[in-house]
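Below, each chain spelled out in residue letters.
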Amino acid sequence: MNCVVRGATRDWSWHGWQVRYRFISAPQSPQTGIPVLLIHGFGSSLDQWDRNLEALGLHHPVYALDLVGFGKSQKAATSYTVALWSRQVYDFWRSFIHRPVVVIGHSLGALVAATVASEFPDAVAGVGLMTLPATRQERVSSAWVQKLTSSVEAIVANPLLIRVIFNIARQRRVLQKALRAAYSDASFVTPAVLDSFVEPTLDRGAAQTLCRLTRSATSTSYSRSREVLLSQIRQPTLLMWGERDRITPIVQGEHLHKDFPSLTWQVIPNGGHCFYDECAELVNPLIVEWIQKTIH
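As a starting point, this report considers the structure included with it.

Conventions we followed
- Residues numbered from 1 in each chain as written.
- Predicted model: local features only at pLDDT ≥ 70, side-chain atom pairs only at ≥ 80, totals over all residues.
- Heavy atoms only, no water.
- Phe/Tyr/Trp six-rings, centres within 6.5 Å; stacked < 30°, edge-to-face > 60°.
- Buried < 20%, exposed > 50% of the residue type's maximum accessible area, 1.4 Å probe, protein only.
- Helix = DSSP H or I, 4+ residues; strand = E, 2+ residues; numbered from the N terminus.
- Pairing = 2+ DSSP bridges.
- Axes fitted to C-alpha atoms, helices over the stretch in contact; angles between N-to-C directions.
- Contact = heavy atoms within 4.5 Å.
- Salt bridge = Lys/Arg side-chain N within 4 Å of Asp/Glu carboxyl O.

A look at the packing of aromatic side chains
The full count for this structure, using the stated rule, is 18 aromatic pairs. For the ring pair W14 and W17, a centre distance of 5.7 Å and an interplane angle of 65° mean the geometry is edge-to-face. With respect to burial, W14 and W17 carry one shared label: buried. Ring plane angle 45° and centroid distance 6.3 Å describe the contact between W241 and W265, whose orientation is recorded as tilted. With a gap of 24 residues between them, W241 in strand 7 (residues 237-242) and W265 in strand 8 (residues 264-268) connect regions that are remote in the sequence. Feature note: the residues W12, W14, W17, Y21, F23, Y63, F92 and F96 constitute an aromatic cluster, connected by ring pairs.

Here it is, written out as structure tokens:
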């Protein structure tokens, strides 16, 4: 299940912050083909794509980057929002790619991908959404529930409490338990996968970054709702969902597909939340085929 990914891994300075990215293109990959840009999920990094990069790189130039605050990118002292990360992705595209891409995101990365497609349509030829999580305004509806939720969130976002939670959550056994919930097949939670989640928590400023992320994620300004984003996307869009996703249940994807029937809907059999990894043998050719048939 482990694999060694070839390709160039480099650093890029964005707004003075260090950002890690990776580029891969196998010799037989057509350099004139449509580029693919991969965006990881919350708490993850570009390492999550280890089982996808080379397979996609056989057909397309492929890029992946660590969003600011995650992976080996800088744990910046800033307000984290989907708009910030979307601008990061767009500026990366302007710096390195220069031609329309298929942008593919997982979970939080799917929110970012959808936002990039709606805000910067010149950069995006197509969109791949690997689960699309509900935003705060979608999870909380009535006024009294919003008030109660805001009170609870204010307590949870307390910096001292966040630091305590952070020190517990970054323990290997705790992260391992969380990852086993994200995979339908726990055997995929290898030491290497676990390391990719543990190592960023050891970086300078990681605890403060978690506090900032928590505060931002509990705000309605964190991201536009899924419905708003999907209504604004004009590019071909592939919506994928793991059949056994315990983090973001598939019923949410089914509702989105019903409301937006123009989406290409794809259920990944037996896939959990991290189906791109545990079902890579199915997901990779599915993406390649969709691009070939849909993106012109």
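Some thoughts on the sheet that holds strand 6 (residues 124-130)
Here we have eight strands laid out as an open sheet, ordered 1-2-4-3-5-6-7-8, and mixed in their pairing. A strand with exactly one partner marks an edge of an open sheet, and here the two such strands are strand 1 (8-14) and strand 8. For this sheet, the mean angle separating the axes of adjacent strands, direction not counted, is 20°. Sheet contacts for helix 2 (residues 82-96): strand 1, strand 2 (17-24), strand 3 (36-39), strand 4 (62-65) and strand 5 (101-106); angle to strand 1, the most-contacted strand, approximately 115°. Set on the sheet, helix 3 (residues 108-119) makes contact with strand 3, strand 5 and strand 6; between it and strand 6 the angle comes to about 160°.

Side note on the environment of A186
Mapped onto the elements of the fold, A186 is located in the loop between helix 7 (172-182) and helix 8 (191-198). A186 gets classed as partly exposed once you look at its relative accessible area, which sits at 35%.

Considerations on the pairing of strand 7
When you tally the buried positions in strand 7, you get six out of six residues, the bulk of the element. With four bridges joining them, strand 6 and strand 7 adopt parallel strand pairing. Across the sheet, residue M130 finds its bridge partner in strand 7, namely M240. Direction of pairing for strand 7 relative to strand 8: parallel, over a ladder of five bridges. Bridge pairing links L239 to W265 in strand 8.

Section: the pattern of salt bridges
Counted under the stated rule, the structure contains 12 salt bridges. As a salt-bridge pair, R224 and E119 come within 3.2 Å of each other at their nearest N and O atoms. One end of the pair, R224, is in the loop between helix 9 (206-217) and helix 10 (226-232); the other, E119, is in helix 3, and 105 residues separate them in sequence. Residue classification places R224 among the partly exposed positions, given a relative accessible area of 26%. By relative accessible area, E119 is classed as partly exposed at 45%. Put simply, D195 and R172 hold a salt bridge, and the shortest N to O gap is 2.7 Å. Placement of the pair is D195 in helix 8 and R172 in helix 7, with a sequence separation of 23 residues. For R172, a relative accessible area of 38% puts it in the partly exposed group. Several salt bridges share partner residues, and in doing so they unite R20, R22, D47, D50 and D66 into one network.

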